[in-house]
Amino acid sequence: MNSNLRSKLRLIFLCLMVALAACKKRDDHSAHGGDQYTCPMHPQIIQDKPGTCPVCGMDLVMKGRPGEEIKITKELSNLLKPTNAAIVSSIRTVRPVERSVGFTTEVKGVITYDTRKATTLPVRIGGRIEKLFVRYNFQPVRKGQKVLEIYSPELVTAQRELLYLLESDKDNSRLIQGARQRLGLLGVSDAQIDQLISTRKESYSFPVYSPVDGYIVEEASVTNRNIASAPPVSATMGNGMSASGAVASGETAALPSEIGIREGMYVRTGERLFKIVDAANVWAEFNQYQGDVRDIKVKDSIEIAFDNTNDVVVKAQVNFIQPFFKKGENFVNLRVYLSNPKGKYTIGQLVTGKFFTRAVDHAHWIPVTSVLDLGDEHVVFVKRRGVFRPRVIEQGRKSEEWIEVLSGIDINDSIAYQAQYMVDSESFIKVSKRN
């Protein structure tokens, strides 16, 4: 009986094993039949078993079931990023440093005349210009040189009064002295009055002489009145001077190369026709954005190099700083006074200045090569987990090799040393906020 029981138990165990194997085979078949495989390049190719694409030969991949979530790994996350949002590279990196930096600022400027040394040449009598001896702006003149001749009925009448008194009432010294004084007030010199008395012949044209040595500059009011008759040509004039120098020096109107005054024109009493500029002293002026030169102070040292004369470098100091506002921007006019006794510097000559600014303590600095200038913003590439991401920074002062960073990165950030290498010629940069 024990033998029969043992046989029955063995039979039952075998039946159970067969049933379990059948169920497993059924489940495997069901699972295998539910999977679908497709080609990544040709999604229209779908099969129920692994294989290759009949179109391109690529291995088929399993399609995800509806509602099934795909786990995003670190490697897959980098691959899913846009190509312009991250860069994988082994480029050299640097960190911001805290250091005391004495730096230089390079600016462009122009040589202008010293307005403190400018002499106004007005006319004391109204009349008609008979002769004009200057033809263009910045024409050199000497002291005592005749600039123009004016015919004035008032001057002729005053001369005749003096001659009449000398002939009819020569003993009336009081009236004669009054007539001489009137001629003097009209601009006639004592030498000219003495010549009139000796020749006893009135002059119909009154000469106007230059009181100082310098260069003729037509007044802006006269230029505006006669601008239609003067061609606005920018040309180089005598002694290497150009009309563009007046524009750079802050004149209210652009001066044409040829003056607007003509022979035969009438002028009013007291009208200022010319300004005579003394070129023995000139200014080097630099107009810059206020943020670029905010640390420059009066008496800071500067080296001035003159264009086309690379061997000439002048050491000077800043003499005057004037902030001004133009077209929504803050600017600063920096002025350096230069002595020019032999006319070595010419009006309108372009110059380059290097300002040497005192050192700044405990500022964050990075190499100039680490910053990419996008025009309206500056970008560095910060490395995180082997990936470079662009980040906007606020740039401060700039030396020859270093740039101060005001905000955007921390002292422990690792940034690309060569930012330009992170960009190719056909890509653009997608900049995200700091993270």
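Here, residues in each chain are numbered from 1, in the same order as that chain's written sequence. Local features in this predicted model are restricted to residues whose pLDDT is 70 or higher, and side-chain atom pairs enter the listing and the counts only when it is 80 or higher, whereas totals over whole chains, interfaces and linings include all residues. Note: side-chain values were computed over all heavy atoms of the structure, leaving out hydrogens and water.

**Student:** Can you walk me through the overall build of the chain in this structure?
**Tutor:** Strands are runs of DSSP state E lasting at least 2 residues, helices are runs of H or I lasting at least 4, and numbering of each runs from the N terminus. Along its length, the chain carries seven helices and 27 strands. Partly exposed describes any residue whose relative accessible area lies between the buried limit of under 20% and the exposed limit of over 50%, with all areas from a 1.4 Å probe on protein chains only and scaled to the type maximum. Counting the 435 residues in the chain, one finds 37% classified as buried. In what follows, a contact means two residues having at least one pair of non-hydrogen atoms within 4.5 Å. Across the chain, every contact between residues at least 6 apart in sequence was considered, and the portion connecting residues at least 24 apart equals 73%. Surface accessibility of the chain: about 26,400 Å² in total, with carbon and sulfur atoms responsible for 52%. Using a 1.4 Å probe, accessible areas were evaluated by the Shrake-Rupley method; residue-level cover was limited to the displayed protein chains.

**Student:** How should the pairing of strand S7 (residues 104–113) be read in this particular structure?
**Tutor:** Two faces belong to every sheet, and in a regular strand the side chains alternate between them. Here S7 lies mainly inside the structure; eight of its ten residues are buried. With seven bridges connecting them, S7 and strand S21 (residues 350–356) associate as antiparallel partners. Bridging across to S21, Thr105 finds its partner in Phe355. Any two strands with at least two DSSP bridges between them are considered paired. Here S7 runs beside strand S16 (residues 281–289); their pairing, made up of four bridges, is antiparallel. Bridge assignment links Ile111 to a residue of S16, and that residue is Ala284.

**Student:** Explanation requested: the nonpolar core in the structure shown.
**Tutor:** What tends to happen in soluble globular proteins is that the nonpolar side chains get buried as a cluster. Throughout this description, the term nonpolar core refers to a set of buried Ala, Val, Leu, Ile, Met, Phe, Trp, Tyr and Cys residues connected via side-chain atoms within 4.5 Å. Core analysis: the largest hydrophobic core is formed by 32 residues, its most contacted members being Leu132, Val134, Leu148, Leu162, Leu183 and Phe274. A total of six residues in this core trace back to one element, the largest contributor, which is helix H3 (residues 153–168). Dropping the residues within four chain positions of it, Val134 is found in contact with Gln139, Val141, Val147, Ile216, Ile259 and Phe274. Tyr215, Phe286, Ile304 and Leu338 belong to the second-largest nonpolar core, a separate cluster that totals 26 residues.

**Student:** What is the right way to read the packing of aromatic side chains from this model?
**Tutor:** Given two aromatic rings, their pairing is described by the distance between the two centres and the angle made by the two planes. For Phe, Tyr and Trp, where Trp contributes only its six-membered ring, two rings pair if their centres lie within 6.5 Å, and the inter-plane angle classes them as stacked under 30 degrees, edge-to-face over 60, or tilted in between. Under the defined criterion, the tally for this structure stands at three aromatic pairs. Ring plane angle 5 degrees and centroid distance 4.6 Å describe the contact between Phe306 and Tyr345, whose orientation is recorded as stacked. In this pair, Phe306 sits in strand S17 (residues 301–306) while Tyr345 sits in the loop between strand S20 (329–339) and S21, placing the two residues 39 residues apart along the sequence. You can call Tyr345 buried: its relative accessible area is 7%. For the ring pair Phe324 and Phe331, a centre distance of 5.6 Å and an interplane angle of 15 degrees mean the geometry is stacked. For Phe324, a relative accessible area of 29% translates into the label partly exposed. A cation over a ring is seen here: Arg116 above Tyr337, with NZ or CZ 4.2 Å from the ring centre. Criterion for a charge above a ring: Arg CZ or Lys NZ at most 6 Å from the ring centre, at most 35 degrees from the ring normal.

**Student:** Where do I start with the environment of Val134 in this structure?
**Tutor:** In this structure, Val134 sits in the loop between strand S9 (127–132) and strand S10 (140–141). Distance from Val134 to Leu148, taken between C-alpha atoms, is 7.7 Å for residues 14 residues apart in sequence.

**Student:** Looking at this structure, how should I read the packing of H3 against helix H4 (residues 173–185)?
**Tutor:** Axes are the key here: two packed helices are described by the angle between their axes and the distance separating the axes. In this analysis an axis means a line fitted to C-alpha atoms, helices contributing only their contacting stretch, and an angle means the value between N-to-C directions, from 0 to 180 degrees. At their nearest, the axes of H3 and H4 sit 9 Å apart, and the two run at 160 degrees to each other. Between H3 and H4, the angle is such that the two are roughly antiparallel. Read as a crossing pair, H3 and H4 show a hand that is left-handed. Touching Glu154, Leu155, Ala158, Gln159, Glu161, Leu162, Leu165 and Leu166 of H3 are Leu175, Ile176, Ala179, Arg180, Arg182 and Leu183, all from H4. Considering only residue class, the contact of H3 with H4 consists of nine nonpolar, one polar and four charged. Note that the term roughly parallel is reserved for angles under 35 degrees, roughly antiparallel for angles over 145, roughly perpendicular for angles of 65 to 115, and oblique for everything else. In this scheme the handedness of a crossing depends on how the near helix is turned from the far one: anticlockwise by less than a right angle means left-handed, clockwise means right-handed. All residues other than Ala, Val, Leu, Ile, Met, Phe, Trp, Tyr, Cys, Pro, Asp, Glu, Lys and Arg, Gly among them, are scored as polar; the first ten of these are nonpolar and the last four charged.

**Student:** Honestly, the confidence of the model for the chain in this entry has me stumped. Any pointers?
**Tutor:** Fine structural detail should not be taken from predicted coordinates in areas where pLDDT scores are low. Confidence of the predictor at the level of single residues is given by pLDDT, which spans 0 to 100. Mean pLDDT over the chain: 75, with 71% of residues reaching 70 or higher. Ignoring residues within four places in sequence, the model shows residues 227–256, a span with pLDDT below 50, making 71 contacts including any to other chains.

**Student:** What am I meant to see in helix H5 (residues 190–199) here?
**Tutor:** Residues spaced three or four apart along an α-helix point in a common direction, a consequence of the helix completing one turn every 3.6 residues. Taken residue by residue, H5 has Gln192, Ile193 and Leu196 as its buried positions. The arc that holds every buried residue of H5, seen down its axis, measures 100 degrees, which confines them to one face. In H5, the exposed positions that point more than 90 degrees away from the buried face belong to Asp190, Ala191, Gln195 and Ser198. Tucked into the core, H5 has its buried residues touching H3, H4 and strand S12 (206–209). Positive phi shows up at Arg200, right after H5, with a value of about 55 degrees. Read the arc as the range of directions from the helix axis to the C-beta atoms.

**Student:** Any chance you could explain the environment of Met62 here in plain terms?
**Tutor:** Within the secondary structure, Met62 sits in strand S3 (residues 61–62). Taking the C-alpha atoms as reference, Met62 lies 8.8 Å from Lys49; in sequence the two are 13 residues apart. Once residues lying within four places of it in the same chain are set aside, the contact partners of Met62 are Asp35, Gln36 and Tyr37.

**Student:** Can you walk me through the pairing of strand S11 (residues 146–151) in this structure?
**Tutor:** Both S9 and S11 contribute to a ladder of four bridges, which runs antiparallel. Residue Lys131 lies in a different strand from S11, and its bridge partner there is Glu149. As paired elements, S11 and S12 share four bridges and run antiparallel to each other. Within the sheet, the bridge partner assigned to Lys146 lies in S12 and is Tyr209.

**Student:** Would you mind showing me how to read the sheet that holds strand S2 (residues 46–47) here?
**Tutor:** The strands making up a sheet associate through backbone hydrogen bonding, with each pair oriented either parallel or antiparallel. One open sheet holds the three strands; their spatial order is S2-S1-S3, and the pairing between them is antiparallel. Only two strands of the sheet have a single partner each, and these edge strands are S2 and S3. Looking at chain direction, strand S1 (residues 37–38) and S2 are connected through two bridges and run antiparallel. What sits directly across from Thr38, in S2, is Ile46.

**Student:** What is the right way to read the pattern of salt bridges from this model?
**Tutor:** Opposite charge on two side chains lets them pair, provided their charged atoms get close. Salt bridges are identified by distance alone: a Lys or Arg side-chain nitrogen within 4 Å of an Asp or Glu carboxyl oxygen. One pass over the full model with this rule turns up eleven salt bridges. The residue Arg135 makes a salt bridge to Glu263 at a minimum N-O spacing of 3.5 Å. Of this pair, Arg135 sits in the loop between S9 and S10 while Glu263 sits in the loop between helix H7 (244–248) and strand S14 (266–267), and the two are 128 residues apart along the sequence. Residue classification places Arg135 among the partly exposed residues on the basis of a relative accessible area of 44%. Among the salt bridges present, the one from Lys146 reaches Glu149, with a minimum N-O distance of 2.9 Å. Classification of Glu149 by relative accessible area gives buried; the value is 11%. In this structure, a network of salt bridges that share partners links the residues Arg384, Arg391 and Asp413.

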